[in-house]
Amino acid sequence: YMEVLLKLQNSFSTDIHQMLDNSRDREESLEVHIRELREVYQDSVDKLQSLNEEKDRLKVQFNQVTTQKEQLEQDFFVSLEQLEGNKSNDLLNSFIETSKRQIELKAEYNALNKASKLFDTAIANMDARIKDIEANRSALIKGVKVVDIKGSDLDLIIQEGDLF
C-alpha cells in the first residue's frame, strides 16, 4: 500500500511549471502528465478498495477470534472450578494464544485504517490537482501565471464554483 501512496505523493509533488518549461512540446508533455496522473489516481482508488476489503476481512476475523477467546476464558474457569488440571492448562494456553492473535488482528486493522485515511486524503488532493490542471490547461500550455493581489478587484482568478 505504501508503494502506491509514495507514487501518488511523487506524482502530486511534480513541479508542473518546471516540467513544462523543460519540455520541447508543452502541450504533449501536459497531456502525458495528465494521463500519468489519472493512472496513478486510478491505481490509488483500486488500492484503497483492496485495502478496505482487507480491513473488512480483518474485522470479521477479529470478531471471530474475540468470540473464541471469550469461550476459552469461560471454559478455562469452568475447568478450573472442576479441578481439571491438564485441561485447565491447555485451555489457558489456548486462551493466551487466541489473545495474542486478537492483538495482532487489531494492530493490522489499525495500521490499514491509518493507511486508508492517508489514501482518502491523497486521492482527494490528486482529484483536485487533475481538475486544476484540466481547468487551467490553456494557461499552463502557454506558460501563463496569474498573481492575485489582495485588495484588488480585477477578479483574474475564477473560483471553481463560478466556472460550472
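Reading guide: rules and limits
- All residue numbers refer to position in the chain's written sequence, counted from 1.
- Given that the model is predicted, a residue must reach a pLDDT of at least 70 before its local features are reported, and side-chain atom pairs must reach 80 or more before they are shown or counted; all residues, however, enter totals for whole chains, interfaces and linings.
- In computing side-chain values, all of the structure's heavy atoms are included and hydrogens and water are not.
- Numbering goes from the N terminus for both helices and strands, where a helix is a DSSP run of H or I of at least four residues and a strand is a run of E of at least two.
- Residue exposure (1.4 Å probe, protein chains only): buried if accessible area is under 20% of the type maximum, exposed if over 50%, otherwise partly exposed.
- Note on definitions: a residue-residue contact is assigned when non-hydrogen atoms from the two residues lie within 4.5 Å.
- His is not counted here, nor are the chain ends, while Lys and Arg score as positive and Asp and Glu score as negative.
- Charged side chains are reduced to one point each, which is NZ for Lys, CZ for Arg, CG for Asp and CD for Glu.
- Buried Ala, Val, Leu, Ile, Met, Phe, Trp, Tyr and Cys residues form a nonpolar core when they are joined through side-chain atoms within 4.5 Å.

Let us now look at the overall build of the chain. Counting its regular elements, the chain contains six helices and zero strands. Overall, the chain shows an N-to-C arrangement of helices and strands of α-α-α-α-α-α. Seen along its three principal axes, the alpha-carbon backbone of the chain occupies a region of about 85 × 35 × 25 Å. By residue count, 26% of the 164 residues in the chain fall in the buried class. Looking at the chain alone, contacts between residues at least 24 apart form 77% of all its contacts between residues at least 6 apart. In the chain, 22 positive and 32 negative side-chain charges are present, and the distance between their average locations comes to 2 Å.

So, on to the side chain of Ser116. By the secondary structure assignment, Ser116 is in helix H4 (residues 85-135). Under the relative-accessibility criterion, Ser116 is labelled buried at 5%. Excluding anything up to four places from it in sequence, Ser116 contacts Leu48, Leu51, Asn52 and Lys55.

On to the nonpolar core. Ranked by size, the top nonpolar core spans 24 residues in total, and within it Leu8, Ile16, Leu30, Phe119, Ile133 and Leu140 carry the most contacts. Counting residues per element, the ones that place at least two in this core are helix H1 (2-12), helix H2 (16-21), helix H3 (26-81), H4 and helix H5 (137-142). The element contributing the most residues to this core is H4, with nine residues. Discounting chain neighbours no more than four positions away, the residues touching Ile16 are Leu30, His33, Ile133 and Leu140.

Such coordinate-based values are descriptive only and should not be taken to indicate function.
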